[in-house]
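Each chain, letter by letter, is given below.
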Protein chains: 2
Amino acid sequence: MGNTTGWLIFSLICGLGSLGLGFYLFYWVTKQDDGTDRSREVARWIHEGSQAYLKKLYTALIIVAAIMAVFLWIVYSIEHGRGIETAICYIIGAICSAAAGYMGMEIAVRANVRSAVAAQTNLNKSFNVAFRGGAVMGFAVVGIATIGMSIIYMITEDAQLVLAYSLGASSFALLAKAGGGIYTKTADIAADLVGKVEVGIPEDDPRNPAVVADNVGDNVGDVAGMGGDIFDSYVAASVAAMLLGAAMRNPFYTTLPLLLCGLGIVASIIGSYFVKVEEGGKPSRALNLGTILTCAVFAVLMAIAILLIPNIANGYIWAIVVGTAVGVVIGQTTEFFTSDEFSPVKLTAEYSKSGPAVTIIAGISYGLVSIVPSIVGIVVAMVVAFFATGGYTDFDAGIYGVGIASVGMLAVSGMIVSADAYGPIVDNARGIAEMSSMDQEVIDRCDVLDSAGNTAKAITKGFSIAAAALTVLALFAAFISEISVAMKGGSFSISDLSIVDPLILAGLFIGGICPPLFSALLMLSVTQGAFKMIEEIRAQFRAEPGILEGTVKPDYNRCIGLAAQGALTSLIWPAIIAIVLPLVVGFVLGPTGLTGFLGGAIIVGVIFALFMSNSGGLWDNAKKYIETGECGGKGSEAHKAGVIGDTVGDPFKDTAGPSINTLITVMSLVASTFAPIIANFNLPMLLK
Amino acid sequence: MGNTTGWLIFSLICGLGSLGLGFYLFYWVTKQDDGTDRSREVARWIHEGSQAYLKKLYTALIIVAAIMAVFLWIVYSIEHGRGIETAICYIIGAICSAAAGYMGMEIAVRANVRSAVAAQTNLNKSFNVAFRGGAVMGFAVVGIATIGMSIIYMITEDAQLVLAYSLGASSFALLAKAGGGIYTKTADIAADLVGKVEVGIPEDDPRNPAVVADNVGDNVGDVAGMGGDIFDSYVAASVAAMLLGAAMRNPFYTTLPLLLCGLGIVASIIGSYFVKVEEGGKPSRALNLGTILTCAVFAVLMAIAILLIPNIANGYIWAIVVGTAVGVVIGQTTEFFTSDEFSPVKLTAEYSKSGPAVTIIAGISYGLVSIVPSIVGIVVAMVVAFFATGGYTDFDAGIYGVGIASVGMLAVSGMIVSADAYGPIVDNARGIAEMSSMDQEVIDRCDVLDSAGNTAKAITKGFSIAAAALTVLALFAAFISEISVAMKGGSFSISDLSIVDPLILAGLFIGGICPPLFSALLMLSVTQGAFKMIEEIRAQFRAEPGILEGTVKPDYNRCIGLAAQGALTSLIWPAIIAIVLPLVVGFVLGPTGLTGFLGGAIIVGVIFALFMSNSGGLWDNAKKYIETGECGGKGSEAHKAGVIGDTVGDPFKDTAGPSINTLITVMSLVASTFAPIIANFNLPMLLK
């Protein structure tokens, strides 16, 4: 076990195995029955809509990636060397994550109809199709990511180039996650406000011109976006730990993250094998069981490996175990604030009787309170990982411990993504069942599967929040280590970064602005996009009365085009905040200011991400709780207030909140990638 | 000019002069006509209601102050010495700020009715009564504060004891500001939801049982609360600079803040003399002119003084001038986001046509964007103050420059508070005019005066935000300097506080939680309080139908009692966050963790304070804009949405937002006061 080349070959084989499994499941799903002409037609609309969006998304990616690649090439060639290699690894990263997202989308739009058709037989079969569809994405993401990292590091033995690969992946994640978030909520809000509220037709009614855009939105936001996001975190966590390991000048520490990725893949394959539902069983139990089983198997494999490797201190086992335990606890507390079984959701529903203003105030307040346990959990994980592995006596080892804890948590992403991607597939399946007029019994089964997806999300969400927070902290440390290495003359050290230094404070404030500003821009894009689409829907109803009578098919493509166009053009400013602003701050305020900037963005970013996701989830479930007949039930004043809360929560939880994770990851990666340049070329230095 | 005792005597004389002027204006206002029996009766209700609240507030203050005083006495006696002196100075601070708040309340409840009566004659006279009423408060606050600081420092020559005085003042500010904020919005929301929405009677209608509580609320929130808040900031800024000066071991630097307070009083007296309105003139112009004139006079006096004093570097002139300029600029940009002349308010009103959910999303988004210029301004003021006075070559002098910039900005508080306290007086005057059935012409005049108060707030608010941010930054530096001095063995220095230290990061995260949690608790208190009061109002209407017919006087006192009780009992947890949590963090995570904690609370606190205040102001004005007939006008769907936005904004802008300033000041003061204790008694040290 003392040979790092052996580790790399192992992780490469695991990656290839994972991708192979993904392809097999893809083949298996497509062989299932896709039903009648009607269901096939509905699925085709969604499929075509998704492809139209992907085309625009990939065009945007090509533009961003081309600019970045040229910039990296020039800057690195002049200042640091390896310009062409850096640019190539960056492009490979972008292509790999785009490929994983593509595979996820292609299977999601096939699995949805097949899951709906299978629901005509029984629950078990339908669940199987949906979960395996999700697993295609799960195993494609971790497989492709691991293959890319292993090969690059095998060939170059340079963690800096893996960093460029990671930056490429995060460029895609930013566009896919934020763009997908805007797309899905633009379509959702517009479809609901005109369809349900104005003309009073049910959700998923084919007469609504925005209904296909709405279903496409579930795929582009929750499948491609989420896949890109986890790909990004997965690679970023690994590379942050690799860089910290490289700074310790220990090849074992540098390669350990890739070994853990390999072990995580093995654990995910084993865990996912046990995800099965008997007829009448609980799908949510199956998903949670799979996740927890995967974690347990991984913990055992990881502990055995670290115990067997003489060069790795045993303290890292604790770092990973505590990190994973904290992830589960965060999931549970998140559930307390967002599930209708507990008082926050119940009280918000109760308060809704006094009108929407009180619903909003209560939802925002509970959302703000909900960040407390999660952040305390993250702090505990960080402090334990630090002190269990090195502490102040071996500072570098301690910081590496924080990094390895996040790698450990993300190593099981294969299973996490599978359970997550299951959600939008069954959501779509329900839509297809409704639109192709299947029996009520089938729709009910789809509802059961759908609600399981929401429940399973609690744990997976807790995981991804905790992992992302630890990842950016590790990236933050990696950035500082990069800067220290790059400063010529060695005049810069960690002790120069005092929090009372006005440049650090200036950076903290300016970095702290970014997450609120970024989320505001995304939410305003949703508002403006929904506005335009509402007018389009009204115009179609006016121009062709046959649409509402159900005799004329509405023009779905116009709505799809509007949403895609709006989502991607409004990404320009958010992308500038994420990619250009760190470079500007680095140049103007120097490495010191940039350090503060990253710190501020991370602290405020984690707070806003948690607040917005949880408030949104709470409003969603408060509305659903009222719809079960509580507090006056459907149609009551409380219900109207609940619907308004839910609509406010939509861009909170599906656009702004989850995109902030990507924002802070991208910022940290940009800072780390350009650290060698900024260290030697900045205004404070030029003014000296 | 080279004698610090002379400076102290000068500032003491200025303080006495200011207080004397306050008493004279008090006498002048009470001599004005208070009108008919009816207007006197209405004013008496408000007066009695205010006193009932004050009684409860002072009881709460006595409890908190007694516990704190005993704690300070014991802890200081054991660990640091001067226990009894510290406790006494703390109590003096609490009494002084409570006295200033009391004087402000007593005059506000007299000036309101007299201003309404004077409005029957002409605008000019009415304005005069209201402004002089506000000036009583303005000059009482700065007078009492300066007298207290000067005397304590004259007698003891120990800035640490002035710090205890400041902590006493901030204990009152916390209760008065947060409690008043909960009180005023509980009454406001309940009065509106039942009165205007349910039974359809106008605002300020005497048939509404909550109408007096609502008017009392304006006084307790905007007068006593605001007075306590500015008293707190004023003293905290001075003492932070004094501590930083003391750390430089330079008596001139230690005493300069008090000299600036004296000069600021002189400037405020001159500036306020020019606040006059001709018949037909613009009251808002008069208020702004007074503020800007005061700043100009102060700048000249301050520059002359610093140029004449050989022991003070001239760079401090720039620190103060830039700070003041930034304050004005922040006021202007705040106006851009909250005035109906610019696009954010107009677009929010426009979006309101699509329903309340979009109103909320747009208001939150613009509120989040609005923090950008203010924070950039604060950063610019800080960086300029630092580099103009010392920079990295003389770090201590540079940090002192940041402190002195905040003192310079707050030195003109006499005028700022006068213009601010004018607002609630004319707001109340309008209510009294309506309740005592004065002519429409009189009510219209009161409306003109009222809207001037809102406009003038833009500049004063910009000032107080920028000044508070710089003050907490100076306090932050003062805390670190206190800690460094107190650490036995001198093993602790600024360079130990690296931002990548996991204990600093842990502190940053936990500190960052506090402002969101604190504001959530305050908002939930408003929600719960309003809920109870709504039931009380409904019960009164049910029990006595004569109330709505106008034949039976409702029981105002029950609503007043409910609001007061609810506001003060729900302060327990917020007070624990502000006062106890910093001590717990200091003990568990040590001085390092506490430093991060303060940093996190300050960064996130400034962001949330700006966001919540500005979103609230924006919704308020969007509603008013629609009421002028735009976007459908009164009664339209857009108006209904606007009203909901305004109701959500109420606790944002009047409860949570402005209380956060007080929160972070109190936290910083608690940390600084207990720094000598925490430095030598904490868990990381005990574990070593």
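Criteria and cut-off values
- Residues numbered from 1 in each chain as written.
- Chains lettered and ligands numbered in written order.
- Predicted model: local features only at pLDDT ≥ 70, side-chain atom pairs only at ≥ 80, totals over all residues.
- Heavy atoms only, no water.
- Helix = DSSP H or I, 4+ residues; strand = E, 2+ residues; numbered from the N terminus.
- Rg over C-alpha atoms; globule rule 2.2 N^0.38 Å.
- Buried < 20%, exposed > 50% of the residue type's maximum accessible area, 1.4 Å probe, protein only.
- Contact = heavy atoms within 4.5 Å.
- Areas by Shrake-Rupley, 256 points an atom, 1.4 Å probe, with all protein chains shown as cover.
- Lys, Arg positive; Asp, Glu negative; His and termini not counted.
- Charge placed at Lys NZ, Arg CZ, Asp CG, Glu CD.
- Least-squares fit on C-alpha atoms with pLDDT ≥ 70 in both.
- Salt bridge = Lys/Arg side-chain N within 4 Å of Asp/Glu carboxyl O.
- Axes fitted to C-alpha atoms, helices over the stretch in contact; angles between N-to-C directions.
- Left-handed = near helix turned anticlockwise from the far one by under 90°.
- Nonpolar A, V, L, I, M, F, W, Y, C, P; charged D, E, K, R; others polar.
- Parallel < 35°, antiparallel > 145°, perpendicular 65-115°, else oblique.
- Phe/Tyr/Trp six-rings, centres within 6.5 Å; stacked < 30°, edge-to-face > 60°.
- Lys NZ or Arg CZ within 6 Å of the ring centre and 35° of its normal.
- Buried area = accessible area lost by both parts, 1.4 Å probe.
- Polar contact = N/O pair within 3.5 Å; in protein donor to acceptor, adjacent residues only side chain to side chain.
- pLDDT = per-residue confidence, 0-100.
- Expected span 1.5 Å × (residues − 1).
- Disulfide = S-S within 2.5 Å.
- Patch = residues over 30% accessible without salt bridge, like charges linked within 9 Å, V, L, I, M, F, W, Y side chains within 5 Å.

Here we look at the overall build of chain A
Now for step 1: What chain A contains, in helices and strands, is 20 helices and zero strands.
Now for step 2: For 688 residues, the compact-globule formula gives about 26 Å, and the C-alpha radius of gyration of chain A, at 24 Å, lands near that figure.
Now for step 3: Referenced to the eigenvectors of the C-alpha coordinate spread, the extents of chain A come out at roughly 75 × 50 × 45 Å.
Now for step 4: Per-residue burial over chain A gives 68% buried out of 688 residues.
Now for step 5: A fraction of 84% describes how many contacts in chain A between residues 6 or more apart in sequence connect residues 24 or more apart.
Now for step 6: As presented, chain A carries roughly 21,200 Å² of accessible surface, and 62% of it is formed by carbon and sulfur atoms.
Now for step 7: In chain A, 37 positive and 52 negative side-chain charges are present, and the distance between their average locations comes to 2 Å.

As for the relation of the copies chain A and chain B
Now for step 1: Mapping chain A onto chain B calls for a rotation angle of 180 degrees and an axial translation of 0.0 Å; the resulting RMSD is 0.0 Å. Interpreted geometrically, this transformation is the action of a two-fold axis.
Now for step 2: A shared interface surface links the copies, since 97% of the contact residues of chain A are contact residues in chain B too.

Examining the environment of S374(B)
Residue and element names in this part refer to chain B.
Now for step 1: Position of S374 relative to the elements: it lies in helix α11 (residues 356–389).
Now for step 2: By relative accessible area, S374 is classed as buried at 1%.
Now for step 3: Spatially, the C-alpha atom of S374 lies 9.4 Å from that of I607, the residues being 233 residues apart in sequence.
Now for step 4: Dropping the residues within four chain positions of it, S374 is found in contact with I330, T333, T334 and L610.

Comments concerning the pattern of salt bridges
Now for step 1: Here the structure, examined in full by the defined rule, presents 44 salt bridges over all chains.
Now for step 2: Of the charged contacts in the structure, one is a salt bridge between D654(B) and K185(B), with a shortest N-O distance of 2.9 Å. Of this pair, D654(B) sits in helix α19 (residues 637–680) while K185(B) sits in helix α5 (residues 159–199); the two residues are 469 residues apart in sequence, bridging distant segments of the chain.
Now for step 3: Since its relative accessible area comes to 19%, D654(B) is described here as buried.
Now for step 4: Taking relative accessible area as the criterion, K185(B) reaches 6% and is therefore assigned buried.
Now for step 5: R445(B) is the salt-bridge partner of E441(B), the closest N and O atoms lying 3.3 Å from each other. Placement of both E441(B) and R445(B) in helix α14 (residues 440–486) is noted, with a separation of four residues, approximately one turn of the helix.
Now for step 6: Here the salt bridges do not stand alone but share partners, grouping K185(A), D188(A), D620(A), K624(A), D650(A), K653(A) and D654(A) into one network.

A look at the packing of helix α10 (residues 343–351) of chain B against helix α18 (residues 572–627) of chain B
All names here are of chain B.
Now for step 1: Following both chains from N to C, one finds α10 and α18 inclined at 65 degrees, their axes separated by 9 Å at the closest point. Crossing hand, α10 versus α18: right-handed. Contact residues: P344, V345, K346, T348 and A349 in α10; L618, W619, N621, A622, Y625 and I626 in α18.
Now for step 2: When grouped by side-chain class, the residues that make up the contact of α10 with α18 number eight nonpolar, two polar and one charged.

Let's talk about the packing of helix α15 (residues 502–543) of chain B against α18(B)
All names here are of chain B.
Now for step 1: At a closest axis distance of 5 Å, the pairing of α15 and α18 adopts a crossing angle of 55 degrees. By the angle between their directions, the pair α15 and α18 is classed as oblique. Crossing geometry of α15 relative to α18 is assigned as right-handed.
Now for step 2: Looking at side-chain class alone, the contact of α15 with α18 contains 24 nonpolar, eleven polar and no charged residues.

What about the environment of I230(B)?
Residues and elements named next belong to chain B.
Now for step 1: The topology assignment puts I230 in helix α6 (residues 211–247).
Now for step 2: The spacing of I230 and A169 is 61 residues in sequence and 10.0 Å in space, taken between C-alpha atoms.
Now for step 3: Contacts of I230, omitting those with residues within four sequence positions, involve S413, V417 and S464.

Focus: the packing of aromatic side chains
Now for step 1: This model, assessed by the stated rule, comprises 48 aromatic pairs over all chains.
Now for step 2: Taking the centre distance of 5.3 Å and the plane angle of 80 degrees together, the rings of Y316(A) and Y400(A) count as edge-to-face. Taken as a pair, Y316(A) in helix α9 (residues 315–338) and Y400(A) in helix α12 (residues 395–411) lie far apart in primary sequence, 84 residues in all.
Now for step 3: Using a relative accessible area of 1% as the deciding quantity, one classes Y316(A) as buried.
Now for step 4: When the ring of F386(B) is compared with that of Y392(B), the centres are 5.6 Å apart and the planes differ by 80 degrees; the resulting orientation is edge-to-face.
Now for step 5: When its relative accessible area of 41% is taken as the criterion, Y392(B) is described as partly exposed.
Now for step 6: Taken together, the ring pairs connect F608(A), F611(A), W619(A), F652(A), F608(B), F611(B), W619(B) and F652(B) into an aromatic cluster.
Now for step 7: Over the ring of W28(A) we find R132(A), and its NZ or CZ is 4.4 Å from the ring centre.

Focus on the interface of chain A and chain B
Now for step 1: Listed by partner, the interface residues are 71 residues for chain A and 69 residues for chain B.
Now for step 2: Interface of chain A and chain B: buried area, both sides summed, is about 6,500 Å²; carbon and sulfur atoms make up 88% of it.
Now for step 3: Where chain A touches chain B, the interface holds four residue pairs in polar contact (both at pLDDT 80 or more).
Now for step 4: Among the secondary structure elements, those contributing two or more residues to the side of chain A that touches chain B are α10 (343–351), α11 (356–389), α12, α14 (440–486), α15 (502–543), α18 (572–627) and α19 (637–680) of chain A.
Now for step 5: Ranked by residues supplied to the side of chain A that touches chain B, first place goes to α11(A) with 20 residues.
Now for step 6: For the side of chain A that touches chain B, the class distribution of residues is 58 nonpolar, eleven polar and two charged.

Topic: the confidence of the model for chain A
Now for step 1: With 98% of its residues at a pLDDT of at least 70, chain A reaches an overall mean of 88.
Now for step 2: Two numbers describe this predicted complex: its pTM, 0.94, and its ipTM, 0.93.

Comments concerning the side chain of T673(A)
Now for step 1: Checked against the element boundaries, T673(A) lands in helix α19.
Now for step 2: Discounting chain neighbours no more than four positions away, the residues touching T673(A) are L72(A), Y76(A), L163(A) and L167(A).

Some remarks on helix α4 (residues 123–156) of chain A
Residues and elements named next belong to chain A.
Now for step 1: The first and last C-alpha atoms of α4 sit 49 Å apart over 34 residues, in line with the 50 Å expected at 1.5 Å per residue.
Now for step 2: Across the 34 residues of α4, 27 count as buried, placing the element largely inside the fold.
Now for step 3: E157 sits one or two residues past α4 and shows a positive phi near 50 degrees.

Topic: helix α13 (residues 413–435) of chain B
Residue and element names in this part refer to chain B.
Now for step 1: The end-to-end C-alpha distance of α13, which contains 23 residues, comes to 33 Å, matching closely the 33 Å that a straight helix rising 1.5 Å per residue would cover.
Now for step 2: Summarising burial for α13: 21 of the 23 residues are buried, a large majority.
Now for step 3: Positive backbone phi, approximately 50 degrees, marks S437, located one or two places after α13.

What to know about the state of the cysteines
All names here are of chain B.
Now for step 1: Tallied over the full model, the rule gives zero disulfides over all chains.
Now for step 2: Distance from the sulfur of C89, which forms no disulfide, to the nearest cysteine sulfur (C96) is 10 Å.
Now for step 3: With no disulfide of its own, C295 has C261 as its nearest cysteine by sulfur position, at a separation of 15 Å.

Some words on a nonpolar patch on the surface
All names here are of chain A.
Now for step 1: On the surface, V70, W73, I74, I78, I84, I88 and I92 cluster together to form a nonpolar patch covering roughly 660 Å² of accessible area.
Now for step 2: For the nonpolar patch, the secondary structure elements donating two or more residues are α2 (37–79) and α3 (83–118).
Now for step 3: The element contributing the most residues to the nonpolar patch is α2, with four residues.
Now for step 4: You can see I88 is positioned in helix α3.
Now for step 5: By relative accessible area, I88 is classed as partly exposed at 45%.

Digging into the side chain of R430(B)
All names here are of chain B.
Now for step 1: Assignment of secondary structure puts R430 in helix α13.
Now for step 2: Residue class for R430 comes out buried when judged on its relative accessible area of 19%.
Now for step 3: Those residues in contact with R430 that lie beyond four places of it in its chain are D204, I443, C446, D447 and D450.

Observations concerning the environment of A286(B)
Residue and element names in this part refer to chain B.
Now for step 1: Mapping A286 onto the fold places it in helix α8 (residues 283–308).
Now for step 2: We classify A286 as buried; its relative accessible area is 7%.
Now for step 3: As for A286 and A456, which are separated by 170 residues in sequence, their C-alpha atoms are 9.2 Å apart.
Now for step 4: Not counting chain neighbours up to four residues away, the residues in contact with A286 comprise F127, V275, K276 and V277.

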